[in-house]
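Examination of the molecular architecture
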Amino acid sequence: QVQLVESGGGLVQPGGSLRLSCVASGIISSIGAMAWYRQAPGNQRELVATIPRLGTTTYADSVKGRFTISRDNAKNTVYLQMNSLKPEDTAVYYCNGDVVTPSDTPSHYYMKNYWGQGTQVTVSS
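The notes below deal with the structure included here. (Residues numbered from 1 in each chain as written. Predicted model: local features only at pLDDT ≥ 70, side-chain atom pairs only at ≥ 80, totals over all residues. Heavy atoms only, no water.)

Some points on the overall build of the protein chain
Scanning the protein chain for helices and strands turns up 0 helices and 11 strands. Listed N to C, the secondary structure of the protein chain is β-β-β-β-β-β-β-β-β-β-β in terms of helices and strands. In summary, the protein chain has a C-alpha radius of gyration of 15 Å against a globular reference of 14 Å for 125 residues, a match within 12%. Across the protein chain, contacts joining residues at least 24 apart in sequence account for 56% of those joining residues at least 6 apart. A total of about 7000 Å² of accessible surface is found on the protein chain, and carbon and sulfur atoms cover 48% of it. (Helix = DSSP H or I, 4+ residues; strand = E, 2+ residues; numbered from the N terminus. Rg over C-alpha atoms; globule rule 2.2 N^0.38 Å. Contact = heavy atoms within 4.5 Å. Areas by Shrake-Rupley, 256 points an atom, 1.4 Å probe, with all protein chains shown as cover.)

Regarding the side chain of Asn96
Examined against the element boundaries, Asn96 turns out to sit in strand E9 (residues 91–102). Among the polar contacts listed, one links the side chain of Asn96 to the side chain of Asn113, at a separation of 2.7 Å. Within polar-contact distance, the side chain of Asn96 engages the backbone oxygen of Tyr114 at 3.0 Å. Every residue in contact with Asn96, bar those within four places of it in the chain, is listed here: Leu4, Ala33, Met34, Ala35, Tyr37, Asn113, Tyr114 and Trp115. (Polar contact = N/O pair within 3.5 Å; in protein donor to acceptor, adjacent residues only side chain to side chain.)

Looking at the packing of aromatic side chains
Under the defined criterion, the tally for this structure stands at 2 aromatic pairs. When the centroid spacing of 4.9 Å and the interplanar angle of 55° are considered together, the rings of Tyr37 and Trp115 count as tilted. Here the residue Tyr37 occupies a position in strand E4 (residues 30–39), and Trp115 occupies one in strand E10 (residues 109–115), the gap between them amounting to 78 residues. Look at Tyr94 and Trp115: their rings are 6.5 Å apart centre to centre, the planes differ by 80°, and that puts the pair in the edge-to-face class. (Phe/Tyr/Trp six-rings, centres within 6.5 Å; stacked < 30°, edge-to-face > 60°.)

Observations concerning the pattern of salt bridges
According to the stated counting rule, one finds 4 salt bridges in the structure shown. Put simply, Asp61 and Lys64 hold a salt bridge, and the shortest N to O gap is 3.5 Å. Comparing Asp61 with Lys64 shows no difference in burial state: the two are exposed. Linking Asp89 and Arg66 is a salt bridge whose minimum nitrogen-to-oxygen distance equals 2.7 Å. In this pair, Asp89 sits in the loop between strand E8 (77–82) and E9 while Arg66 sits in the loop between strand E6 (58–59) and strand E7 (67–72), placing the two residues 23 residues apart along the sequence. For Arg66, a relative accessible area of 10% corresponds to the buried category. Each of Arg38, Glu46, Arg66 and Asp89 takes part in a single network of salt bridges with overlapping partners. (Salt bridge = Lys/Arg side-chain N within 4 Å of Asp/Glu carboxyl O. Buried < 20%, exposed > 50% of the residue type's maximum accessible area, 1.4 Å probe, protein only.)

Quick notes on the environment of Arg38
For Arg38, the position within the fold is in strand E4. For the pair Arg38 and Gly55, spaced 17 residues apart in the sequence, the C-alpha separation amounts to 23 Å. In contact with Arg38, not counting residues within four places along its chain, are Gln44, Arg45, Glu46, Val48, Ser62, Val63, Phe67, Glu88, Asp89, Ala91, Val92 and Tyr93. A polar contact is formed between the side chain of Arg38 and the side chain of Ser62, at a distance of 3.3 Å.

Some points on the nonpolar core
One finds Trp36, Leu80, Met82 and Tyr93 to be the most contacted residues of the largest nonpolar core, which totals 30 residues. Taken together, the elements giving at least two residues each to this core come down to strand E3 (18–25), E4, strand E5 (46–51), E7, E8, E9 and strand E11 (119–123). Apart from residues no more than four positions distant in its own chain, Tyr93 is found in contact with Glu6, Leu20, Trp36, Tyr37, Arg38, Val48, Phe67, Leu80, Met82, Gly118, Thr119 and Val121. (Core = buried A, V, L, I, M, F, W, Y, C linked by side-chain atoms within 4.5 Å.)

As structure tokens, then:
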């Protein structure tokens, strides 16, 4: 029943901005470390940004200074703000992360990694 639901993708001109959202839905206790990946046609899936529960965020060199990953733990949501978009940013963007759910045993929890289905980002004039 738990899933990551992505939104915010679309077509944008070079230099434009998009904000991607990823919401963990279902019976959830909390979200753990989260990340955004992307995959362009013919390319491997690459890590774009990460945001742990604690500590600092990380970014791929190709997006550093342009993208910002953030999270809202109360909403079980992670965001990716993408500014100054370039054609080479065109890809399917995937949300990935750990979701903590209650177990059948009180006071016990499960953590499982989930992937979103992806949202298309196209940067073109």
